[in-house]
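Fold and geometry: a report
Residue-level listing of the chains:
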Amino acid sequence: LRRRVSDPKSAVRKAAVALLEARIDLHFSLPAEFPQVDAEADLAALATRCRDASTLVRKQALDSVSGLVAANAGEEAIKAWSAMCFPLVRDTEPSVAERAIDAVATLLLDPIANKKHSMGGEESARMLRMIKDESLLHLQWTCKALARRKPSGLPQGLMKNLVAMLEVASEAGQPLGAAEWTILEESAAGQVSGVHAPALTAAYDRGVLEGWDEQAGAAMRALRRLAPHLSASDAESLEHKLVTALARGRAPVKLAGDMVRTAAAVGAARKGGAGWQEEVLKASHEKVAPLVKRRLEEGPLAAPFAPMREVVCAVFVIGELSLQGVKVPTKVANTLQALLTPTETRAAGSAAVGKTSGGEEELQGHVVLALGKLAVLDSALAAKVVPLFLRELERSPSAVRRNNILLALSDLCVRHTSLVDPHVPRLALCLRDANETVRRHALLVITTLLCSDYVKWRGALFFRYLAATVDDAPSIRDQARQNLFRVLLPKSNHQICHANVVEALFVLNDQTHNAYNNFRASPEERARFSLAGPGEAAKRVEVLRLMASHCSDEQRVSVTGKISEDVLGAAADGTLKLSDAADVVADALALLASKEMRLSAVQKQKAPEEDDMPEDAGAVLGVAAGKGLAAAARSKILGQVVKTNLMRNLIPTLAALKHVLEQAHSPLLGALMHTLATIAKEYKAEMDDVLLSNKQLAAELAFDLRRVDPTSDTTPARSNENHPGRKSTGGHSIGSLGSARKVLLS
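Residues numbered from 1 in each chain as written. Predicted model: local features only at pLDDT ≥ 70, side-chain atom pairs only at ≥ 80, totals over all residues. Heavy atoms only, no water.

Notes on the side chain of Thr-560
So the rule is basically this: Labels follow the DSSP assignment, with helices taken as runs of H or I lasting at least four residues and strands as runs of E lasting at least two, numbered in each case from the N terminus. Here the term buried applies to any residue with accessible area under 20% of the maximum for its type, exposed to any over 50%, and partly exposed to those in between, with areas from a 1.4 Å probe on protein chains only. Pairs of N or O atoms are called polar contacts if they sit within 3.5 Å, as long as, within protein, a hydrogen donor faces a hydrogen acceptor (for residues adjacent in sequence, only side-chain-to-side-chain pairs).
Within the element layout of this structure, Thr-560 appears in helix H29 (residues 553-572). The class of Thr-560 is buried, set by a relative accessible area of 13%. Within the structure, Thr-560 has its side chain in polar contact with the backbone oxygen of Arg-556 (distance 2.8 Å).

Below, the structure is given as structure tokens:
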């Protein structure tokens, strides 16, 4: 069953998932009768199908894992549900996303809102504790989606019970969990009164006092949602607390952004004006300006008069205020620019005074973000900082600085596209950065810009993106493949893979050609993205097979023709020198021999896939019959195209290349013969016609393939070795069609 969940047929995978669910359920229901079940391995195999390409398999996997959680199938089931089922709430297929959202509501939210739920409170509490990191974002997405549903919305009583849980946790001297706060924040958005505001304000005060930053930030965000319903005294008291902390620079940096936004929301709700914003801006500038003056006098790494933490907070607050629409004076922007020390200056200063402190690195990172926020609303400032950011992106040894510059440039690309768009290749360099976090954010930034059409697939960007699909970090590799093949490929009308397979052969090998890989790129960029050499052959072939697996049958036929003409044919006639492009030819042969290049419609006429069939059983037969006729017609046409392609292009080209490789005594000859054998096995009928039309070629191929496979039973008698046309009593002659085909198929 674990093997069948990866079966090529979606119907088999779906059935295997359902059977694995039943097997695991029996193990937990009747452990004495089913002690031999390896529930952990079964559950792992089942959960992986939540990312299946088939819609119905994903639905079945979601239902199966959710059913096991509901049946109390242990902590491993909850972990699998949190890790694999939660991401389905944002699935590209709406029906899968809706089913995942319903599962979250049933298993997680209903037990909180209704303590009489059959699962009980303890099970949901265990689930809440396991929701971390990315799962929190999925939980927030789910709550927003449920809140938009009319008239049901989020479950009734959710906010009330969560506040009760908050009070219990506070009495126990513990902060409320991150998952609970996420639900509470979204529940607060739907409230029509401020009855829970005192409890949230107390939670904020307790969080600040105890240093529970997550609780303090979450309480502020919940209060921001309740701002229109706060009483005048509560609103005034909260605003005073926030403004005082911001003006003194005493707020933790991770809370400063929430504090600014909450103060703005409360001020707008009570119509108290924006005077506090000017006050906080002035106080923040007064903390930063003395440091700039001191560094102009004493050097680029001189320590500030105030604690570094307060200076960092002041810089961050200036940037946040600009996003709230506050007009930031030019002198404040100039102060931040003066505080941003170029890499060369910092290197000279650090050599004189010793190693740069961690506080200085944090300060420089926040200066970058603050300047980026100011430049978003100021085109003149953006024109000044973009060249500076680009230079630092390439030269800075600090991963924090590079990461923040990347994020700032992505925002500037949205507001000032013409300034940043010509430099997108320099942003793409971060896809091969030494730091994993920078690579992950670069992937996120470029994907977002491509989806929003602020950036196009121009130049070598597509091939730079391909490098992320074989990244050393599994999380980045998986995310890149999902983004490219599930999001960006459909957006391009399924053309980008098919159109770039041949060029990828040259780009991945860093091999120039008259028609391919002629992009303008620095030697450093080429070296960073190059996968040339025997040591990277596995990665190159993996990329090519990924591209081929997402091409249609018609596109694979086209790709085969291009490879035959532009790579193999060019190598056969000497246009492409084997001494320089041996790896290109080897990769092309490996791709042609791969299972991803098989044409499903030519292999056999398939029945309609379940994914394309309606759930109404009465309509299934009609759809199957109609699609069966269409598949038969398509198979016949493709068969004719493949036959023509084999007879006129591919096989003659491979035969010509074989002679060239023989003369050069090239090790590529083995790969070529393997490719020929694979083609003969996949296209038996078509190869018959090819060999019938060229008996000399049939004789040569049979002889050479028999040498590759000496165990073949088609070896003729020794006396007839030099007479291809003569028959022996012991077997086929070398030149006969039967001998050629048997050897090819062996």
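Alright, that's what it looks like, and here's the rest.
Quick look at helix H24 (residues 461-468)
Rules: By definition in these notes, contact holds between two residues if any of their heavy atoms fall within 4.5 Å.
Of all eight residues making up H24, eight are buried, and the element is well covered by its neighbours. Among the residues of H24, Leu-461, Phe-462, Phe-463, Arg-464, Tyr-465, Leu-466, Ala-467 and Ala-468 are the ones counted as buried. Summarising the contacts, the buried residues of H24 are in contact with helix H22 (424-428), helix H23 (436-451), helix H25 (474-491), helix H26 (496-508), helix H27 (523-529) and helix H28 (537-549).

Section: the side chain of Glu-310
Mapped onto the secondary structure, Glu-310 falls in helix H15 (residues 308-323). Residue Glu-310 is classed as buried on the basis of its relative accessible area of 9%. Those residues within four positions of Glu-310 in sequence are excluded, and the remaining contacts are Arg-248, Gly-249, Arg-250 and Lys-287.

Some words on the packing of helix H9 (residues 178-188) against helix H11 (residues 213-226)
We count it as follows: Interaxial angle, 0 to 180 degrees, is taken between N-to-C directions of lines fitted to C-alpha atoms, where a helix line uses only the stretch in contact. An angle counts as roughly parallel when it lies under 35 degrees, as roughly antiparallel when it exceeds 145, as roughly perpendicular when it falls between 65 and 115, and as oblique in every other case. Nonpolar residues are Ala, Val, Leu, Ile, Met, Phe, Trp, Tyr, Cys and Pro. Charged residues are Asp, Glu, Lys and Arg, and all others, Gly as well, are polar.
Where H9 meets H11, the axes come as close as 8 Å, and the angle between the chain directions of the two elements is 10°. Relative to H11, H9 is oriented roughly parallel. Between H9 and H11, the contacting residues are Ala-178, Trp-181, Leu-184, Glu-185, Glu-186 and Ala-188 on the first element and Glu-214, Gln-215, Ala-218, Ala-219, Arg-221, Ala-222, Arg-225 and Leu-226 on the second. Of the residues assigned to the contact of H9 with H11, the class counts are eight nonpolar, one polar and five charged.

Section: the confidence of the model for the protein chain
Reading predicted coordinates in detail is not appropriate for stretches of low pLDDT. What counts here: On a range of 0 to 100, pLDDT expresses the predictor's confidence in each residue.
Scored by pLDDT, the protein chain has a mean of 82; 81% of the residues are at 70 or more. In the model of the protein chain, helix H36 (residues 737-745) stands out as the element of lowest mean pLDDT, 46, in contrast to H23, which has the highest, 95. A low-confidence stretch, residues 116-120 (pLDDT under 50), is modelled with six contacts involving residues beyond four sequence positions or located in other chains.

Observations concerning helix H30 (residues 578-592)
Which entries qualify depends on this criterion: Multiplying 1.5 Å by the helix residue count minus one yields the expected span of that helix. What the bend at a residue measures is the angle between two axes, fitted to the seven residues ending there and to the seven starting there.
Compared with the 21 Å implied by 1.5 Å per residue over 15 residues, the 18 Å span of H30 between its first and last C-alpha is markedly short. Maximum bend of H30: about 30°, positioned at Val-584. Of all the residues in H30, the buried ones are Leu-578, Ala-581, Val-584, Val-585, Asp-587, Ala-588, Leu-589, Leu-591 and Leu-592.

Notes on the environment of Lys-241
Tracing the sequence through the fold places Lys-241 in helix H12 (residues 232-248). For Lys-241, a relative accessible area of 28% gives the class partly exposed. Sequence separation between Lys-241 and Ala-263 is 22 residues; the distance between their C-alpha atoms is 9.1 Å. The residues touching Lys-241, leaving out its near neighbours within four places in the chain, are Thr-201 and Asp-205.

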